Amino acid sequence: MADTTITKIDSRFSPKGTDGEKYLASGVHVAMRLWEDEQPGEPKEPSARPYETVGYVLSGRAELHIEGQMVLLEPGNSWVVPKGASHTYKILEAFSAVEATTPPAQAHGRDEE
C-alpha cells in the first residue's frame, strides 16, 4: 500500500538550523529549507556536505563558489551543488532562497559535518 501521509508546514513556526535556515517539509528522501533575508558579508569557509542540494532564488543576489568556479545567483535562477562538492556562498544583496536536499540535510547531523 502506498504511503498516504500528508505533511503541511507553516514556515512562520518552522524550526531554525544553526546557520539561520528554516526547516520546511521533510520526507524520507528529500527535505526543504528556506534561507530568508540573508545579509551581505564575507563568505564562510568552503564546506562539502554528504547530500545533494538544489536551490531556487526568490530575491537578492549571491555568488556560489564551487570547486574553483563562481556562479552568480539572481532571482529566478536555480542551481545544484552535488554531494561532496566543496562550496560556499557570498551574499551580495539581501538574499532569500528555497533549497531541497537529498537525503534530508537536517537528519542524522548531516548539516553539522
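Residues numbered from 1 in each chain as written. Predicted model: local features only at pLDDT ≥ 70, side-chain atom pairs only at ≥ 80, totals over all residues. Heavy atoms only, no water.

A.B. asks: Any chance you could explain the pairing of strand β3 (residues 52-66) here in plain terms?
C.D. replies: For a regular strand, side-chain orientation follows a simple rule: the groups alternate between the two sheet faces. Pairing of β3 with strand β6 (residues 87-102) involves 13 bridges; the strand directions are antiparallel. Each bridged residue has a counterpart across the sheet, and for V54 the counterpart in β6 is A100. The sheet contact formed by β3 and strand β5 (residues 78-81) spans 4 bridges and is antiparallel. Bridge pairing in β5 places Y56 opposite S78. Alignment of β3 against strand β4 (residues 69-73), held across 5 bridges, turns out to be antiparallel. The residue bridging I66 from the neighbouring strand is Q69, located in β4. Following β3, the chain reverses through 2 residues before pairing antiparallel with β4; E67 in that reversal takes a positive phi of roughly 50 degrees. (Pairing = 2+ DSSP bridges. Helix = DSSP H or I, 4+ residues; strand = E, 2+ residues; numbered from the N terminus.)

A.B. asks: How should I be thinking about the pattern of salt bridges in this particular structure?
C.D. replies: It is possible for side chains bearing opposite charge to pair when their charged atoms get close. For the coordinates displayed, the defined rule picks out 6 salt bridges. Where K44 meets D19, a salt bridge forms, and the shortest distance between an N and an O atom there is 3.3 Å. Of the two residues, K44 sits in the loop between β2 (31-38) and β3 while D19 sits in the segment before β1 (22-26), which places them 25 residues apart along the sequence. Residue K44 is classed as exposed on the basis of its relative accessible area of 53%. Classification of D19 as partly exposed rests on a relative accessible area of 34%. For E36, the salt bridge goes to K22, with nearest N and O atoms at 3.0 Å. Placement of E36 in strand β2 and of K22 in strand β1 is noted, with a sequence separation of 14 residues between them. Residue classification places E36 among the partly exposed residues on the basis of a relative accessible area of 45%. (Salt bridge = Lys/Arg side-chain N within 4 Å of Asp/Glu carboxyl O. Buried < 20%, exposed > 50% of the residue type's maximum accessible area, 1.4 Å probe, protein only.)

A.B. asks: Before we go on, may I ask you to explain the layout of surface pockets in this structure?
C.D. replies: Take a probe with the size of a water molecule and roll it over the atoms, and the empty space left behind shows itself. Here the largest pocket defines a volume of roughly 540 Å³. D19, W35, K44, T88 and Y89 are, among the 25 residues lining the largest pocket, the residues nearest its centre. When residues of the lining of the largest pocket are traced back to their parent elements, those giving at least two are β2 and β6. Element by element, the count of residues in the lining of the largest pocket is highest for β6, at 7 residues. Taken together, the residues that form the lining of the largest pocket break down as 8 nonpolar, 6 polar and 11 charged. (1 Å grid on protein atoms, 1.4 Å probe; cavity = no way out; pocket = protein on both sides within 12 Å on 5 of 7 lines; lining within 4 Å. Points joined across faces, edges and corners; volume = space filled by probe spheres on them. Nonpolar A, V, L, I, M, F, W, Y, C, P; charged D, E, K, R; others polar.)

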